[in-house]
Amino acid sequence: MKFLHRLLLPLLMAGAIFAGVLPAQAQTTTTPPKVLALYDQTSGTPWDKMGYAYAIMLRNLLGHFDAQVDMMPVQQYTAGKVEGYNATFYLGALYDAPIPAAFLQDAVTTSKTVVWFKYNLWQLAWNPAYNFTATKGIQLNGLRGLNEAPSAANPKPGFFDTVKYKNLDFVKYYDWDAARNQVNADPDIGWTAIADPAKASMVVPVANPKTGETAPYVVRSGNFWYVADLPFSFIGPRDRYLVFSDLLYDMLNVPAPTVHKALIRLEDVGAMVSVDAMKKLSDYLKSKNIPFSIAVIPRYVDGLGAYNGGVRQEVHLSQATNLRTALNYARQRGAEIVMHGFTHQYGTMKNPHTGVSGDDYEFWNIVDNQPFPEDSTSWVYGRLIQGLNDLKAHGYNPVAWEAPHYHTSAIAARTAPSLFSTTYQRVVYYTADKPNFFASAGKDFSVGQFYPYVIRKDYYGQYVLPENLGNIEYDISTIDPTSNYNYTADDLILNAKYAKAVRGGFASFFFHPFWLEPNLGTPGFEDFKKTIEGITALGFTWVAPSTLAKR
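Calculation rules
- Residues numbered from 1 in each chain as written.
- Predicted model: local features only at pLDDT ≥ 70, side-chain atom pairs only at ≥ 80, totals over all residues.
- Heavy atoms only, no water.
- Helix = DSSP H or I, 4+ residues; strand = E, 2+ residues; numbered from the N terminus.
- Buried < 20%, exposed > 50% of the residue type's maximum accessible area, 1.4 Å probe, protein only.
- Areas by Shrake-Rupley, 256 points an atom, 1.4 Å probe, with all protein chains shown as cover.
- Lys, Arg positive; Asp, Glu negative; His and termini not counted.
- Charge placed at Lys NZ, Arg CZ, Asp CG, Glu CD.
- Phe/Tyr/Trp six-rings, centres within 6.5 Å; stacked < 30°, edge-to-face > 60°.
- Core = buried A, V, L, I, M, F, W, Y, C linked by side-chain atoms within 4.5 Å.
- Contact = heavy atoms within 4.5 Å.
- Salt bridge = Lys/Arg side-chain N within 4 Å of Asp/Glu carboxyl O.
- Axes fitted to C-alpha atoms, helices over the stretch in contact; angles between N-to-C directions.
- Parallel < 35°, antiparallel > 145°, perpendicular 65-115°, else oblique.
- Left-handed = near helix turned anticlockwise from the far one by under 90°.
- Nonpolar A, V, L, I, M, F, W, Y, C, P; charged D, E, K, R; others polar.
- Expected span 1.5 Å × (residues − 1).
- Pairing = 2+ DSSP bridges.
- Right-handed = clockwise from strand over helix to strand, strands pointing away.

Draft legend 1. Summary view of the overall build of the chain. In terms of regular secondary structure, the chain is built from 11 helices and 26 strands. Seen along its three principal axes, the alpha-carbon backbone of the chain occupies a region of about 75 × 55 × 50 Å. Burial analysis of the chain (551 residues in total) assigns 60% to the buried set. Summed over its atoms, the accessible surface of the chain is roughly 20,400 Å², and 50% of this surface lies on carbon and sulfur atoms. For the chain, the distance from the average position of its 47 positive side-chain charges to the average position of its 48 negative side-chain charges is 6 Å.

Draft legend 2. Summary view of unusual backbone geometry. Here the residue pair Asn-351 and Pro-352 is connected by a cis peptide bond, since its omega of 5° sits within 30 degrees of zero. With respect to the helices, strands and loops of the structure, Pro-352 is situated in the loop between strand S18 (335-340) and helix H8 (377-393). Residues other than glycine seldom take positive phi values, yet Phe-234 does so here, at roughly 55°. The topology assignment puts Phe-234 in the loop between strand S13 (224-227) and helix H5 (241-251).

Draft legend 3. Representation of the packing of aromatic side chains in the model. Overall, the coordinates contain 44 aromatic pairs when judged by the stated rule. Taking 6.3 Å as the distance between ring centres and 70° as the angle between the ring planes, the aromatic pair formed by Trp-364 and Phe-437 counts as edge-to-face. Here Trp-364, found in the loop between S18 and H8, pairs with Phe-437, found in the loop between strand S21 (427-430) and strand S22 (446-449); they are 73 residues apart in sequence, far enough to count as distant. The residues Trp-364 and Phe-437 share a single accessibility class, namely buried. Measuring from centroid to centroid gives 5.0 Å for Tyr-474 and Trp-515, while their planes differ by 75°, and the two rings are edge-to-face. On the criterion of sequence distance, the pair formed by Tyr-474 in the loop between strand S24 (470-471) and helix H10 (489-499) and Trp-515 in the loop between strand S25 (507-511) and helix H11 (524-537) is long-range, its members being 41 residues apart. Taken as a pair, Tyr-474 and Trp-515 share a single burial class, namely buried.

Draft legend 4. Quick peek at the nonpolar core. Residues Phe-89, Phe-103, Trp-116, Leu-124 and Leu-248 are the most contacted members of the largest nonpolar core, which totals 110 residues. With 10 residues, helix H1 (residues 50-62) is the largest single contributor of residues to this core. Sequence-distant contacts of Phe-103, that is, excluding residues within four places in its chain, are made with Leu-38, Val-74, Tyr-77, Val-82, Thr-88, Tyr-90 and Trp-116.

Draft legend 5. Here's a closer look at the pattern of salt bridges. Inspection of every chain in the model, using the stated rule, returns 25 salt bridges. With its nearest N and O atoms 2.7 Å apart, the salt bridge here joins Arg-144 to Glu-213. Here Arg-144 is found in strand S5 (residues 138-144), whereas its partner Glu-213 is found in strand S12 (residues 213-221), with 69 residues between them in sequence. When the shortest N-O distance is used, the salt bridge between Asp-246 and Lys-166 registers 3.0 Å. One end of the pair, Asp-246, is in helix H5; the other, Lys-166, is in the loop between strand S6 (162-165) and strand S7 (168-171), and 80 residues separate them in sequence. Since its relative accessible area comes to 25%, Lys-166 is described here as partly exposed. Here the salt bridges share partners, and the residues they tie into one network are Lys-166, Asp-246, Asp-250 and Arg-503.

Draft legend 6. A look at the packing of H1 against H5. Look at H1 against H5: their axes get within 10 Å of each other, and the N-to-C directions meet at 50°. The pairing of H1 with H5 is recorded here as oblique in orientation. As for the relative orientation of H1 and H5, their crossing is right-handed in sense. For the pair H1 and H5, contact is made by Leu-58, Leu-61 and Leu-62 and by Tyr-241, Phe-244, Ser-245 and Leu-248, respectively. Along the lines of polarity and charge, the residues of the contact of H1 with H5 split into 6 nonpolar, 1 polar and no charged.

Draft legend 7. How the structure looks around H11. For H11, with 14 residues, the first-to-last C-alpha span of 20 Å sits near the 20 Å given by 1.5 Å per residue. Three or more residues of H11 are buried, namely Gly-524, Phe-525, Asp-527, Phe-528, Lys-529, Thr-531, Ile-532, Gly-534 and Ile-535. Of the surrounding elements, those touching the buried residues of H11 are strand S14 (261-269), helix H6 (275-287), H10, S25 and strand S26 (541-542). Backbone geometry just after H11 places Gly-539 at a positive phi near 100°.

Draft legend 8. Just the sheet that holds S13, in detail. Taken in spatial order, the 9 strands of this open sheet run S2-S1-S3-S4-S13-S12-S11-S6-S7, and their pairing is mixed. One side of each edge strand has no neighbouring strand; the edge strands of this open sheet are strand S2 (68-73) and S7. When strand polarity is set aside, the average angle formed by the axes of neighbouring strands in this sheet is 25°. With 6 bridges connecting them, strand S1 (residues 34-39) and S2 associate as parallel partners. Along S2, the bridge assignment pairs Lys-34 with Gln-68. Contacts from H5 reach strand S3 (87-92), strand S4 (113-118), S6, S7, strand S11 (201-208), S12 and S13, with the element oriented near 45° to S6.

Draft legend 9. Representation of the side chain of Ser-508 within the structure. Secondary-structure assignment places Ser-508 in strand S25. Filtering out sequence-adjacent residues up to four positions away, Ser-508 remains in contact with Leu-263, Tyr-424, Pro-466, Glu-467, Asn-468, Leu-469 and Gly-470.

Draft legend 10. Expanded view of the packing of H6 against H11. Close contact between H6 and H11 brings their axes to 12 Å; oriented N to C, the two are set at 25°. Taken together, the axes of H6 and H11 lie roughly parallel to each other. Taken as a pair, H6 and H11 cross one another with a handedness that is right-handed. Along its contact with H6, which presents Lys-280, Leu-281, Tyr-284 and Leu-285, the element H11 presents Phe-525, Phe-528, Lys-529, Ile-532 and Glu-533.

Draft legend 11. Layout of the pairing of S4. Here S4 lies mainly inside the structure; 6 of its 6 residues are buried. Two strands pair when backbone bridges link them, and S3 and S4 are joined in this way by 6 bridges, in the parallel orientation. Across the sheet, the residue bridging to Leu-91 is Phe-117, located in S4. As a crossover connection, the stretch from S3 through helix H2 (residues 101-109) into S4 is right-handed. Strand direction decides the pairing type here: S4 and S13, joined by 4 bridges, are parallel. Bridging across to S13, Val-115 finds its partner in Trp-225.

Draft legend 12. Representation of the environment of Ala-67 within the structure. With respect to the element layout, Ala-67 can be found in the loop between H1 and S2. Spatially, the C-alpha atom of Ala-67 lies 9.8 Å from that of Asn-86, the residues being 19 residues apart in sequence.

This is the structure:
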């Protein structure tokens with residue numbers, strides 16, 4: 001059996017620490033906010049849809065707050081539009097993209113909340129017509145990026161990469177591909193200073209460890225906020241993305257929860273699962289009174305006979321004695337069922353590994369990075385309903401849906417809510433339902449996003465329960481070349497510590513039962529227990545997915 005790890009979703013290329021005092025806040029409201037998300041859209045460049053991709057990610061986070069979100073290119077903005085919204089967010093993703101004078105004027109004069117990200121603030125701050133610095137007390141000095149170009153002698157020259165918040169150092173990702181002389185990072189920040197402390201304050205600082213400098217990462221002047229970069233690029237579990245996710249409570253002026261919840265899911269459980277491993281995990285969780293869920297693959301298919309001597313093998317749930325035994329035992333100990341694909345593979349294609357359930361993608365051609373030819377609402381619905389009917393026929397009623405490898409087509413993601421009120425996963429989003437990733441200009445983008453809290457409605461209409469910590473992995477490349485890195489219990493516990501910086505933030509992870517199999521020689525069970533105990537010690541409360549599911 002192939003032991004595949006699940007990588008984190010793709011990074012997008014495409015007391016708190018305060019310096020100064022925040023202006024007094026108005027009384028919070030429980031009315032869902034109405035939000036305008038503006039993004040750059042020019043024409044004729046490969047980056048035309050990048051701003052839209054960031055807007056999708058912002059719109060998703062706003063879904064946690066039940067916000068009504070309208071998205072539009074800033075170039076289509078008309079005077080006074082901000083007055084119809086509680087808050088307007090402008091995502092400055094394209095350098096020097098033209099901004100209508102109407103928005104520049106409204107941004108500096110409206111009494112409604114305006115949040116500006118990264119680029120193009122100079123069109124407002126350096127134009128004397130808007131009197132920005134005198135009015136807002138914020139001085140824009142320009143942009144700061146890498147301290148110098150990377151080289152073989154100095155591959156990490158440094159930049160403002162450490163956002164300091166709630167006594168934690170949140171990072172900005174950096175990598176340099178020496179062979180291609182290519183920087184994989186988003187080092188630019190808008191470099192500001194507080195010109196008038198009576199009008200503006202630094203909410204969150206960012207540090208440049210190589211130079212010893214500190215600059216504002218988030219500044220605020222009354223209803224005007226400026227975020228020095230776009231916290232949606234290259235996101236990870238200890239990233240400044242979490243800082244922004246938490247600050248949304250303040251930006252939207254909504255009450256924040258104080259309880260931190262935790263979720264654990266046993267992953268990729270199909271016909272070939274070890275009953276002994278499942279019983280051991282179920283007994284441990286029951287002994288700790290921890291509710292849990294099981295991601296079940298209803299039908300096992302080995303389309304190419306990769307593990308069956310070259311002969312195709314298919315095992316229906318009615319034939320899957322081990323699986324049903326494990327599920328029945330676990331349910332008696334508090335387990336809930338999550339449907340994890342139908343077959344979790346695609347036909348007789350290596351997509352990309354073996355064509356075996358649990359190994360491969362089902363609703364996305366990962367080899368060619370495009371939807372399958374038959375991708376449609378009816379095709380997706382047909383597969384989902386088969387899996388759902390198989391489970392229900394044997395008395396298993398799933399509380400949520402989870403996409404294989406968290407990756408489906410846009411059409412598949414939009415179809416899932418017609419059968420499942422709740423999804424439980426990370427999600428990949430596209431800037432088109434039938435994306436073209438290969439055009440030289442105006443190409444489409446895909447973005448992977450995880451969540452620190454429940455998203456009540458995402459861009460695809462899904463109600464999303466979070467998985468945000470990752471999963472334990474071991475380097476067993478001598479057995480399986482695709483399992484070639486370590487991700488430890490300590491990593492997950494540290495991720496949970498960062499997740500707790502978000503008000504109401506979750507600690508949610510999954511675990512593959514196969515790590516308990518003796519032939520692998522890993523300390524899987526001990527590390528599983530260590531992770532559970534470490535998250536518990538941080539003060540998280542373990543909950544069942546059904547208690548969070550959409551009503």
